[in-house]
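Each chain, written out:
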Amino acid sequence: MSPAARPVKTAVLPVAGLGTRFLPVTKSVPKEMLPLVDRPCIEYAVAEAVAAGVERVVMVVSRGKEALADYFDRNPLLEQHLEEKGKEEQLALVRSLSDMCDVVTIRQGEALGLGHAVLTARPGVGDQPFAVLLADDVVDAERPAIGQLIDAWEPGRAVVALMEVPRAETRKYGVCAGEWLSPDRMSVSAMVEKPDPADAPSNHAIVGRYVLPPDIFEILRRTPRGRGGEIQLTDALAALAVQGRVTGKVFEGQRFDTGNVLGWLDATLHFARKRPDLAGPLAEIIARHS
Ligand code: UTP
């Protein structure tokens, strides 16, 4: 389906987490502002959403995360400076960020979990199906990962992104069980958050891309605090799964967890090596270090 014809026009980006796996830098820099080469992780997520036809981004932010909204806002002082110096290329680059899409921010007063962050976005979403992208899950794909999910979406249903993981790693993810409708589409009947490998119902894990129906908000409102005292999105999705309303979509693409140091290094090297201006010099640097 062409991006413009896709039915999902709003994306929620929850960026109000504390980022404890990446301390100390995340004490004052949001993990979503950490760069992969020269662009922050958040830009990869917004670009992916826009490429899938999204026109409006609702960012769920918290205290100290102003840099995230600033990045997509106009910066008249910088633009004037670049204009006066005749730096046309940089000027176009800076302006292209504020032209990407409409960005609105909503504050999550307390980090009460991903489910609570999604619920907080409710006034910015309205009564339409919407996408959710976790910006620290960066996916490099030919077709935007969230677009693949939107294409698998059907009215009234939720779609979650699925990735096969080694069984030993299930305790890092929410894991799905269900019936395969095709090699890449599962009708999900159950979800378990971070199970021990012995208890995991499968090795198909949910990663940070979702398409959700608007009635998820009512379900989240009634969802009690779960694991870690947080309102878990997985618990609300499990309620939809019981109603037979969740599709798991195995997406094409390479996913990086940039919310931890090694995942971020992996992603940094991946994207740097794809840059024609950097690949050669980078190979020399790596050879020097090995
Ligand atoms: P994570 O599980 O990665 O938590 O959240 P975190 O706090 O950001 O990071 P760690 O685990 O302490 O290192 C998944 C996503 O949900 C958002 C995060 O910003 C991230 O994009 N989130 C989480 C919120 O917006 N609010 C919350 O209360 C919790």
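Please refer to the structure higher up on the page.
Reading guide: rules and limits
- Residues numbered from 1 in each chain as written.
- Predicted model: local features only at pLDDT ≥ 70, side-chain atom pairs only at ≥ 80, totals over all residues.
- Heavy atoms only, no water.
- Helix = DSSP H or I, 4+ residues; strand = E, 2+ residues; numbered from the N terminus.
- Rg over C-alpha atoms; globule rule 2.2 N^0.38 Å.
- Buried < 20%, exposed > 50% of the residue type's maximum accessible area, 1.4 Å probe, protein only.
- Patch = residues over 30% accessible without salt bridge, like charges linked within 9 Å, V, L, I, M, F, W, Y side chains within 5 Å.
- Areas by Shrake-Rupley, 256 points an atom, 1.4 Å probe, with all protein chains shown as cover.
- Salt bridge = Lys/Arg side-chain N within 4 Å of Asp/Glu carboxyl O.
- Polar contact = N/O pair within 3.5 Å; in protein donor to acceptor, adjacent residues only side chain to side chain.
- Contact = heavy atoms within 4.5 Å.
- Near = heavy atom within 4 Å.
- Nonpolar A, V, L, I, M, F, W, Y, C, P; charged D, E, K, R; others polar.
- Pairing = 2+ DSSP bridges.
- Phe/Tyr/Trp six-rings, centres within 6.5 Å; stacked < 30°, edge-to-face > 60°.
- Axes fitted to C-alpha atoms, helices over the stretch in contact; angles between N-to-C directions.
- Parallel < 35°, antiparallel > 145°, perpendicular 65-115°, else oblique.
- Core = buried A, V, L, I, M, F, W, Y, C linked by side-chain atoms within 4.5 Å.

Colleague: Account for the overall build of the protein, with residues named and values stated.
Modeller: If you tally the helices and strands in the protein, you get 11 helices and 13 strands. For a compact globule of 290 residues, the expected C-alpha radius of gyration is about 19 Å, and the protein comes in at 19 Å, within 12% of that figure. Taken along the three principal axes of its C-alpha coordinates, the protein extends 60 × 50 × 40 Å. Within the span of the protein, comprising 290 residues, buried residues form 48% of the whole.

Colleague: I'd like a rundown of a nonpolar patch on the surface, residues and numbers included.
Modeller: A contiguous nonpolar patch, built from Val261, Leu262 and Leu265 and spanning about 290 Å² of accessible area, is present on the exposed surface. Secondary-structure assignment places Leu265 in helix H10 (residues 261-273). Look at Leu265 and you get partly exposed, because its relative accessible area is 40%.

Colleague: Can you break down the side chain of Glu79 residue by residue, with the values?
Modeller: With respect to the secondary-structure elements, Glu79 resides in helix H3 (residues 76-84). Accessibility expressed as a relative area gives 3% for Glu79, which makes it buried. A distance of 2.7 Å separates polar atoms of two side chains, one belonging to Glu79 and the other to Arg74. Contact partners of Glu79, with chain neighbours within four places excluded, come to Arg74, Leu91, Val94 and Arg95.

Colleague: Tell me about the site of the ligand, residues and numbers included.
Modeller: Lining the immediate environment of the ligand, one finds 17 residues, of which Thr20, Arg21, Lys31, Gln108 and Gly113 sit closest. For the ligand, a nitrogen atom lies 2.8 Å from a polar atom in the side chain of Gln108. Contact between the ligand and Gly113: an oxygen atom at 2.8 Å from a main-chain N or O atom of the residue. For the ligand, whose accessible area on its own is 570 Å², the fraction buried by protein is 83%. Taken together, the residues of the shell around the ligand sort by class into eight nonpolar, five polar and four charged.

Colleague: Pulling in residues and values, what's your account of the pairing of strand E7 (residues 137-140)?
Modeller: Burial of E7 is two-sided: the residues Asp137 and Val139 facing one way and the residues Val138 and Asp140 facing the other way are all buried. Examined bridge by bridge, E7 and strand E13 (residues 254-257) share four bridges and lie antiparallel to one another. Bridge pairing links Asp140 to Gln254 in E13.

Colleague: Outline the packing of aromatic side chains, supporting the account with residue identities and numerical values.
Modeller: As enumerated under the stated definition, the model contains five aromatic pairs in all. On the basis of an interplanar angle of 90° and a centroid distance of 5.2 Å, the ring pair of Tyr71 and Phe72 is categorised as edge-to-face. Judged by relative accessible area, Phe72 falls into the buried class, the value being 6%. Ring geometry for Phe256 versus Phe271: centroids 6.1 Å apart, planes at 55°, classification tilted. Of the two residues, Phe256 sits in strand E13 while Phe271 sits in helix H10, which places them 15 residues apart along the sequence. Assigned by exposure class, Phe256 and Phe271 land together as buried. Through a chain of ring-to-ring contacts, three or more aromatic side chains come together here, namely Tyr44, Phe256 and Phe271.

Colleague: Please provide a residue-by-residue account of helix H1 (residues 41-51), values included.
Modeller: Residues separated by three or four positions in an α-helix point in the same direction, a consequence of the helix having 3.6 residues per turn. Those residues of H1 lying buried are Cys41, Ile42, Glu43, Ala45, Val46, Glu48 and Ala49. Just beyond H1, the residue with positive phi is Gly53, at close to 105°.

Colleague: Tell me about the side chain of Gln148, residues and numbers included.
Modeller: Counting through the fold element by element, Gln148 comes out in helix H7 (residues 145-152). Residues within four places of Gln148 in sequence aside, it is in contact with Ala141, Arg143, Lys249, Phe251 and Glu252.

Colleague: So, the packing of H10 against helix H11 (residues 276-289): which residues are in play, and what are the values?
Modeller: Any two packed helices are characterised by how steeply their axes cross, that is the angle between the axes, and by the distance between the axes. Packing of H10 against H11 leaves a shortest axis separation of 8 Å and a crossing angle of 135°. When the axes of H10 and H11 are compared, the pair comes out oblique. Contacts from Leu269, Ala272 and Arg273 of H10 reach H11 at Leu278, Ala279, Leu282 and Ile286. Of the residues belonging to the contact of H10 with H11, the class tally is six nonpolar, no polar and one charged.

Colleague: Let's hear about the nonpolar core: which residues, and what values?
Modeller: Ranked by size, the top nonpolar core spans 36 residues in total, and within it Leu13, Ile42, Met59, Leu133, Ile146 and Val211 carry the most contacts. Elements with a minimum of two residues in this core: strand E1 (10-14), H1, strand E4 (56-61), strand E6 (130-133), H7, strand E8 (158-164) and strand E11 (204-212). Per-element tally for this core: the top contributor is H7, with five residues. Beyond its immediate sequence surroundings of up to four residues, Met59 is in contact with Leu13, Val15, Ile42, Leu68, Ala69, Phe72, Val103, Val104, Thr105 and Ile106. Within the second largest apolar cluster, 34 residues are counted, among which are Val118, Tyr210, Phe217 and Leu233.

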